[in-house]
Amino acid sequence: RRPAFMMGRGALIVFEGLDRSGKSTQAQLLARALTEGGKDVLAPSPVQRPPSDDAAGVEYVWRFPDRSTHIGQTLNTYLSSKDAEPLHPRVQHLLFSANRWERAEAIRAALVAGRSVILDRYTYSGIVYSCSLGLELDWCMPPDAGLPRPDVVCFLSVSPEVAARRGEFGLERYENTEMQRRVRDNFERLFAHTAVSDHNIHNFDADREMQAVHRDIVELVQRVIANVADSPSTSV
Ligand code: T5A
Ligand code: NA
């Protein structure tokens, strides 16, 4: 392995998709595969780990919303109980964005240090879920402008019927068929938007069994990691 000071930057890998499309599952499988591929990597954990300066080449999985921060706890209360007092959609949108900004510097620092970072949801979910509550696309995009830009976005495409059969569907606020249909339409609309259409977004048929989806993702991500090492990190 090259010493840390000679290492190129890490890749920012984002998982996106509808609820129950398998994002967390695939993020963990990917982190494990990269570890076993010979990299110096911390064991992936469903709990997010902050980066430590003493371990180069580590992959991290971070989830958004990050429910561990102050803002994240407010979002958690709101999301996890359909009875909780609703937040105004614009307030909620800004909180989700602020929650990403809370982690922006740490993500950038990890990338510069040669670590790849795997994100379980990011700006795309932020924009799309808010649009699905009725906010305008052009109002939703600016708060995220300047966040680290992904090198690849893996979009897990699941049919509503298959998603509904997966574990625990229906417990959280947005887990209903009507909302999920709007979310799906808005992802399509966002990915066609000129500000986003060149973001290296890849669609994966996530109705398939986990390992089949995983194999396709690993193949793509390994190419991405090899390519980004010598390119600068930019912003959304
Ligand atoms: N939100 C989020 C906003 O409104 N604004 C924002 O800015 C952000 C970031 C919570 C909510 O917040 C909203 C969007 C969401 O509604 P969350 O915490 O990501 O977001 O939601 P979770 O409930 O944690 O996760 P998801 O519902 O999105 O599920 P995943 O991660 O897509 O699916 P996963 O991997 O947990 O799998 C679900 C189940 O299916 C099985 C798994 O074992 C598991 O039981 N499964 C499969 N079964 C068969 N075949 C496969 N291929 C399978 N893959 C997974
Ligand atoms: Na998840």
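Structure shown above.
Given the structure is predicted, the values throughout are model-derived calculations rather than measurements.

**Describing the layout of surface pockets**
Alright, step 1. Counted as a void, the largest pocket has a volume near 860 Å³.
Alright, step 2. As for the largest pocket, its lining consists of 37 residues, of which Asp-19, Arg-20, Lys-23, Arg-63 and Arg-121 are closest to the centre.
Alright, step 3. Secondary-structure elements contributing two or more residues to the lining of the largest pocket are helix H1 (23-36), helix H2 (70-80), helix H3 (89-112), helix H4 (123-131) and helix H8 (210-228).
Alright, step 4. For the lining of the largest pocket, the class distribution of residues is 11 nonpolar, 11 polar and 15 charged.

**Focus on the site of ligand 1**
Alright, step 1. Not every one of the 25 residues close to ligand 1 is listed here, only the nearest: Arg-20, Lys-23, Thr-25, Arg-63 and Arg-121.
Alright, step 2. Arg-67 places a polar side-chain atom, nitrogen or oxygen, 2.9 Å from an oxygen atom of ligand 1.
Alright, step 3. Between ligand 1 and Arg-121 there is a distance of 2.6 Å, counted from an oxygen atom to a side-chain nitrogen or oxygen.
Alright, step 4. When isolated, ligand 1 has an accessible area of 1100 Å², and the protein chains bury 84% of it.
Alright, step 5. One can see that ligand 1 is located within the largest pocket.
Alright, step 6. Of the residues forming the shell around ligand 1, the biggest block, 3 residues, is contributed by H1.

**With respect to the nonpolar core**
Alright, step 1. One finds Leu-119, Tyr-122, Tyr-124, Phe-187 and Leu-190 to be the most contacted residues of the largest nonpolar core, which totals 41 residues.
Alright, step 2. Here this core gets 6 residues from one element, more than from any other, and that element is H3.
Alright, step 3. Ignoring any residue separated from it by four or fewer positions in sequence, one finds Tyr-124 in contact with Val-14, Glu-16, Pro-150, Val-153, Phe-187, Leu-190, Phe-191, Val-196 and His-199.
Alright, step 4. Ile-13, Phe-15, Leu-156 and Phe-204 belong to the second-largest nonpolar core, a separate cluster that totals 23 residues.

Definitions and cut-offs
Residues numbered from 1 in each chain as written. Chains lettered and ligands numbered in written order. Predicted model: local features only at pLDDT ≥ 70, side-chain atom pairs only at ≥ 80, totals over all residues. Heavy atoms only, no water. 1 Å grid on protein atoms, 1.4 Å probe; cavity = no way out; pocket = protein on both sides within 12 Å on 5 of 7 lines; lining within 4 Å. Points joined across faces, edges and corners; volume = space filled by probe spheres on them. Helix = DSSP H or I, 4+ residues; strand = E, 2+ residues; numbered from the N terminus. Nonpolar A, V, L, I, M, F, W, Y, C, P; charged D, E, K, R; others polar. Near = heavy atom within 4 Å. Polar contact = N/O pair within 3.5 Å; in protein donor to acceptor, adjacent residues only side chain to side chain. Areas by Shrake-Rupley, 256 points an atom, 1.4 Å probe, with all protein chains shown as cover. Sits in = over half its atoms within 2 Å of the grid points. Core = buried A, V, L, I, M, F, W, Y, C linked by side-chain atoms within 4.5 Å. Buried < 20%, exposed > 50% of the residue type's maximum accessible area, 1.4 Å probe, protein only. Contact = heavy atoms within 4.5 Å.

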